[in-house]
Amino acid sequence: MALTPIVAHRGSVTRWSQSLIPTLREAPAEAECPSHVLLLRAGFIRKLGAGIYDYLPLAWRTLRKVQQIVREEMDATGAQEISLPILVPIELYAGTRRDRDYGDLLFKLSDRKGALTALGPTHEESVTEAVAGSVSSYKQLPLSLYQITNKFRDEARPRSGLLRGREFIMKDAYSFHATVDGVGGLNETYDKMFTAYSNTFRRCGLSFTAVEAESGPIGGSASHEFMVNADSGEDTILKCPATGYAANVEKCEIGTRPHGTFQEPPSGELTEIHTPNLPGIHEVGKFIKVKPDRMLKTIVFQVNSSSESPVSEPPPSEPPAPAGDSTSLASPPIRWILAVVRGDHEVNEGKVRIVSGLKVTLADEKAARAAGFAIGYVSPRSVNTVPNTLLLIDADASLGGFWASGADKPDYHVKHFNWRREVGSKLDEPRYVKLGDLRNAREGDPSPRDPGAKLVTARGIEVGHIFKLGTKYSDAMGFKVHSAQQQQQPVIMGCYGIGVSRTMAASVEQNHDANGIIWPMPIAPYHVLITLMKPEAPEHQAAAKQLADELSSAGIDVLIDDRDERPGVKFKDADLVGIPIRITIGDKALAEKSVEYKLRKGDDKGSLVPITEAAQRCRDAIVAAMA
Ligand code: ATP
Ligand code: MG
């Protein structure tokens, strides 16, 4: 009796001897992480240049399966597939200035007339242009569009094979709305996308964590990253074991920490020390015999003027004045921000923005020097000497006790820095001094969601990112629609990316052993590998053909290893390539009208299955694994 099909179309049947599966005994030395090594060795990919890879037949089969899952999940959100040109005329960036913001990451080429064109790193501008061309009323919204195409980024350090390429496959989706809340609003689509992403990565056989990422223009957490849990990951994730809160290091809040009162007594007399030619805080610390956790690190930021910025975040305004401060209206705006953290901590730029309420970037060194900051040697005292400066102090750096700091002049540091003595009465003016959470979270910090719990860290690979853009692009490109009240209103957008090729590699990071890849069933290039012990024997060929026919008519994909190779070579390659189900056809089993059935996963030793039952056995295992 014929098998009940698992899908509507026939499965593929491929003969290894006629395919391009160039397995390698060794991977090139530069390949370090498991997915890079194994995808090369198993003959899935081939390097063509730095960060540029061929997807050979096996890889392309898996990528198509990943894409199919992505498509199904995107379609389920109501998004429609499109395909935008990879070439993006540079003029499209006129309003958004992303050509400038992307910097060297953007691949640019000039055509025969000398006009510049970019190779799309993502397509916010192109898609906004496309939609703006034909949507003019709120009635045409919401609208979600997606595509699956190659993206180009001239990464500074392309590495880890497909994990960070310069040309890679991405699914990028964009949604357009008239409102944030309610039916048809951005939040509704965002939540649908969140579910679609969770389904996609689960179906790709990945263990992942959705983490809160950047804060955004709409308030709250404007974005989530989907992180595949892997030690080889480049990103640090922080999690609260008690509540499930998870965030990336750029975003992670820290629970309440003790802070100082600025009334603590000095630890000694302020002493200047000559510290020439010491490149970093560790070298300075060694030289003056102070541990970095007793040093103050003061980083200078500049406040961007609103005209410089294409984004729709609240325009830089002065920080809210404390109640009763009658001088505030007349005070000049803040131009500089000093962020002070402990020497062993890292300043978090996003938190500097949140605590200051201003749009800031790291100060341009030349401009900061010209304003009077001794870059490299700045101390919090500069708040008193450089006008229009706001001093932000991280809780840990505000405590009393011994501190070393820069001395506000080149090549000098000070010991016994005391907040009250050195900074004085400005500390009491909330307009100029604020205390808060300014640094990157780390393992052991108090959880922001449960006072009793401590944050733990893990490594991850970012495979997806969903983002509430707000009106950043529509504003910059002048895209408005008529509202119900016949007013022109800005269009609210979201964007949603999945690294398709990175997802395939991330799956290998999680699904492999010392011998090779172990593909999760839904994205395996083939479901079943039939290995012929003696390809020259007609009865082996006949048994393989019959089984393959039966399987493929049920929609099951079959690879037949019919190569004229020693069994040892074939078994090694089978482990390497990682097809989930293995059927071996040999004399001994055939004599008993059986084949050997073995799973790649676990330490299945294999068992004999009557030929007549083999196909059903495969089908049942596949259906169970796809559920
Ligand atoms: P990363 O921080 O890893 O550089 P990103 O945040 O710049 O990535 P996005 O702009 O959010 O990336 O792109 C959407 C998705 O595209 C990412 O979540 C990631 O999965 C994938 N991606 C980005 N850059 C690369 C790359 N160089 N190679 C492969 N995949 C990538
Ligand atoms: Mg991202």
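Scroll up to find the structure this text is about.
Residues numbered from 1 in each chain as written. Chains lettered and ligands numbered in written order. Predicted model: local features only at pLDDT ≥ 70, side-chain atom pairs only at ≥ 80, totals over all residues. Heavy atoms only, no water.

Remarks on the overall build of the protein
The helix and strand tally for the protein stands at 16 helices and 32 strands. Dimensions along the principal axes, computed over C-alpha positions, put the protein at roughly 95 × 65 × 55 Å. Excluding contacts between residues fewer than 6 apart, the proportion of contacts in the protein whose partners are at least 24 apart in sequence is 72%. Surface accessibility of the protein: about 28,100 Å² in total, with carbon and sulfur atoms responsible for 52%. In the protein, the 74 positive side-chain charges and the 78 negative ones have mean positions that sit 1 Å from each other. (Helix = DSSP H or I, 4+ residues; strand = E, 2+ residues; numbered from the N terminus. Contact = heavy atoms within 4.5 Å. Areas by Shrake-Rupley, 256 points an atom, 1.4 Å probe, with all protein chains shown as cover. Lys, Arg positive; Asp, Glu negative; His and termini not counted. Charge placed at Lys NZ, Arg CZ, Asp CG, Glu CD.)

Here we look at the coordination of the magnesium ion (ligand 2)
Around the magnesium ion (ligand 2), the protein contributes the donor atoms Glu462 (OE) and His465 (ND1), which lie 2.3 to 2.4 Å from the metal centre. On the basis of relative accessibility, which here comes to 22%, the residue Glu462 falls in the partly exposed class. (Donors = N, O, S within 2.8 Å, 3.2 Å for Na, K, Ca; no water. Buried < 20%, exposed > 50% of the residue type's maximum accessible area, 1.4 Å probe, protein only.)

Notes on empty space enclosed by the protein
Gaps left between atoms are located by rolling a probe of water-molecule size over the structure's atoms. For the coordinates displayed, the defined rule picks out 1 cavity of 30 Å³ or more. Here the largest cavity defines a volume of roughly 40 Å³. Every residue lining the largest cavity is listed: Phe262, Glu264, Pro265, Leu399, Gly400, Gly401, Trp403, Phe417, Asn418, Trp419 and Arg420. Each residue belonging to the lining of the largest cavity can be placed in one class, and the counts come to 6 nonpolar, 3 polar and 2 charged. (1 Å grid on protein atoms, 1.4 Å probe; cavity = no way out; pocket = protein on both sides within 12 Å on 5 of 7 lines; lining within 4 Å. Points joined across faces, edges and corners; volume = space filled by probe spheres on them. Nonpolar A, V, L, I, M, F, W, Y, C, P; charged D, E, K, R; others polar.)

A look at the sheet that holds strand β29 (residues 558–561)
The pairing of strands in a sheet happens through backbone hydrogen bonds and is either parallel or antiparallel. If you trace the 6 strands from one edge of the open sheet to the other, you get β1-β29-β28-β30-β31-β32, paired in mixed fashion. The sheet is open, and its two edges are formed by β1 (13–15) and β32 (607–610), each paired on a single side. Neighbour-to-neighbour, the strand axes of the sheet open up by a mean angle of 25 degrees, direction not taken into account. Pairing between strand β28 (residues 528–532) and strand β30 (residues 581–585): 5 bridges, direction parallel. Within β30, the residue paired with Ile530 across the bridge is Ile583. Against the sheet, helix α13 (residues 538–553) makes contact with β1, β28, β29 and β30, and its axis sits at roughly 170 degrees relative to β28, the strand it touches most. (Pairing = 2+ DSSP bridges. Axes fitted to C-alpha atoms, helices over the stretch in contact; angles between N-to-C directions.)

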